[in-house]
Amino acid sequence: MTTVGRPYLPNRKKLEGYLDQVYESQWLTNNGPLVRELEERLGDYLGVDNLLLVANGTLALEVALRTFGISGEAVSTPFTFVATSAAIRNEGLGVRYADIDPETLNLDPAKVESACGPDTQALVPVHVYGNPCDVEGFDELARRKGLKTVYDAAHALGVNYDGHSVLRWGDAATLSLHATKLFHTGEGGAVVFRRAEDHERARRLINFGLEAVDGSIPDVGMNAKMSEFHAAVGLAMLDDLPAILEHRKAVGEAYERELDDWVSFPAWSKRGTRNGAYAPILLETPSVRDKVKAVLQSEDVIARSYFSPSLDETAAYRAGNFFPESQAKALRTLCLPINTGMDFNDVKKISLCIKRAINQERE
Ligand SMILES: *Cc1c(COP(=O)(O)O)cnc(C)c1O
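Residues numbered from 1 in each chain as written. Predicted model: local features only at pLDDT ≥ 70, side-chain atom pairs only at ≥ 80, totals over all residues. Heavy atoms only, no water.

Chemist: Where do I start with the UniProt feature "active site" (unreviewed entry) in the protein in this structure?
Modeler: When the UniProt feature table is mapped onto this chain numbering, "active site" (unreviewed entry) sits at Lys 181. Structurally, Lys 181 can be placed in the loop between strand 9 (172–176) and strand 10 (189–193). Lys 181 sits in the buried class, given a relative accessible area of 17%. Those residues within four positions of Lys 181 in sequence are excluded, and the remaining contacts are Ala 154, His 155, Ser 176 and Tyr 278. (UniProt positions renumbered as here; feature names shortened; annotations may be inferred. Helix = DSSP H or I, 4+ residues; strand = E, 2+ residues; numbered from the N terminus. Buried < 20%, exposed > 50% of the residue type's maximum accessible area, 1.4 Å probe, protein only. Contact = heavy atoms within 4.5 Å.)

Right, here's the structure in full:
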């Protein structure tokens with residue numbers, strides 16, 4: 001079976017080497033040596049400072065918002081995985097949505113500005129499918145209105161923008177290191193802070209708000225620590241990351257060559273690099289999308305309708321407003337399988353299947 005998000009399993013011998021270190025140190029969690037090693041090496045690899053590992057990508061967003069002391073509301077996108085909105089609400093904030101740009105599928109700073117209300121204190125845009133947002137536009141808006149920007153960069157690990165990690169943009173950017181993501185620790189996440197003092201405060205927050213030096217409790221914290229076992233998985237996988245990125249990028253480009261005349265694609269930022277985290281396609285109509293998905297499934301190929309439904313249409317996050325672009329795209333997008341086990345023959349076979357399904361639906 002070929003499926004979206006098949007997890008990568010690191011070399012077992014290498015993993016066992018790290019597990020031996022855990023048995024040796026008997027240090028299982030609480031900012032242990034493997035967590036610190038992974039923080040250091042991942043930050044170096046990505047070219048970012050102030051990287052903090054946490055228990056998962058949802059908590060990464062919550063930690064970032066809490067570090068900045070955000071209250072009131074945040075503006076975010078209805079076209080994302082539900083965790084983005086869940087994290088905002090879990091921090092006791094209201095979510096306001098703005099509609100997406102129909103070409104990039106990312107938030108548009110002009111629409112975000114219109115969506116801001118008097119209680120808006122933060123922007124939470126998502127680099128959807130690893131496609132960098134209009135980061136300059138959000139930067140300008142945030143400065144002008146005195147807002148904090150937290151990017152949900154769960155899809156954007158390894159993506160550069162103008163030659164530097166896109167994670168450098170915003171007051172913070174968050175990663176998910178969940179098993180289905182292109183680089184992972186089983187469960188895990190990270191926050192990259194722009195400023196060292198925010199990084200320091202967040203390190204306290206993820207450990208119940210405790211001050212390590214004197215045990216005082218200046219902040220209401222949470223438990224968002226990564227364990228040594230999770231860090232071991234990441235360390236065992238880290239050496240493979242450049243090859244994984246290269247391979248995914250090639251598979252993504254192969255899909256686009258095969259399907260160019262048949263489907264459309266999000267408008268990828270010309271200033272961003274690609275990481276092949278996802279292989280999204282846009283079909284002509286919802287019925288073509290459903291047909292393609294069904295035909296693929298009959299061939300044991302599992303594609304996913306990321307991101308559907310549009311969050312403003314769900315019971316939990318219903319917004320009252322209407323976000324036509326997000327709703328329309330939610331019915332037309334499909335993310336195709338992309339993982340390290342695939343080669344160009346798989347891409348050819350899956351693409352043929354898609355073309356057949358489109359032809360059947362057109363008849
Ligand atoms: C995966 C994902 C998350 C959540 O990450 P977890 O590590 O599963 O908590 C958040 N936002 C987006 C856009 C994601 O794709």
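Chemist: Sorry if this is basic, but what is going on with the nonpolar core here?
Modeler: One recurring pattern in soluble globular proteins is that nonpolar side chains are buried together. Core analysis: the largest hydrophobic core is formed by 88 residues, its most contacted members being Phe 183 and Leu 296. Ignoring sequence-local partners within four residues, the contact set of Phe 183 consists of Leu 38, Leu 42, Leu 157, Ser 176, Leu 177, His 178, Gly 234, Met 237, Leu 238 and Leu 241. The next biggest cluster of nonpolar side chains, apart from the first, holds 24 residues, and it includes Val 54, Leu 61, Leu 93 and Ala 122. (Core = buried A, V, L, I, M, F, W, Y, C linked by side-chain atoms within 4.5 Å.)

Chemist: Can you walk me through the packing of helix 9 (residues 241–259) against helix 12 (residues 344–362) in this structure?
Modeler: Pairs of packed helices are described in terms of their axes, by the angle between the two and the distance that separates them. Direction vectors running N to C along helix 9 and helix 12 enclose 35°, while the axes themselves pass 10 Å from each other. Pair helix 9 / helix 12 crosses with right-handed handedness. Seen from helix 9, the contacting residues are Ala 250, Val 251, Ala 254, Tyr 255, Glu 258 and Leu 259; seen from helix 12, they are Phe 344, Val 347, Lys 348, Ile 350, Ser 351, Ile 354 and Lys 355. Broken down by class, the residue content of the contact of helix 9 with helix 12 amounts to nine nonpolar, one polar and three charged. (Axes fitted to C-alpha atoms, helices over the stretch in contact; angles between N-to-C directions. Left-handed = near helix turned anticlockwise from the far one by under 90°. Nonpolar A, V, L, I, M, F, W, Y, C, P; charged D, E, K, R; others polar.)

Chemist: Looking at this model, I keep getting lost on the domain arrangement of the protein. Mind explaining?
Modeler: The accessible area lost on association of the parts is a frequent measure of interface size. Split by domain assignment, the protein resolves into domain 1 (12–238) and domain 2 (241–362). If you average the C-alpha positions of domain 1 and of domain 2, the two centres end up 25 Å apart. With 37 residues of domain 1 at the interface, the matching set in domain 2 holds 33 residues. A buried area of about 3,200 Å², summed over both sides, lies between domain 1 and domain 2, and 63% of it is on carbon and sulfur atoms. Salt-bridge contacts for Asp 162 lead to Arg 271; the nearest nitrogen and oxygen are separated by 2.6 Å. Our count for the contact surface shared by domain 1 and domain 2 stands at 16 residue pairs in polar contact (both at pLDDT 80 or more). Among the elements of the structure, helix 4 (83–90), strand 7 (160–161) and helix 8 (228–238) are those that each provide at least two residues to the side of domain 1 that touches domain 2. (Domains from an automatic or database assignment. Buried area = accessible area lost by both parts, 1.4 Å probe. Salt bridge = Lys/Arg side-chain N within 4 Å of Asp/Glu carboxyl O. Polar contact = N/O pair within 3.5 Å; in protein donor to acceptor, adjacent residues only side chain to side chain.)

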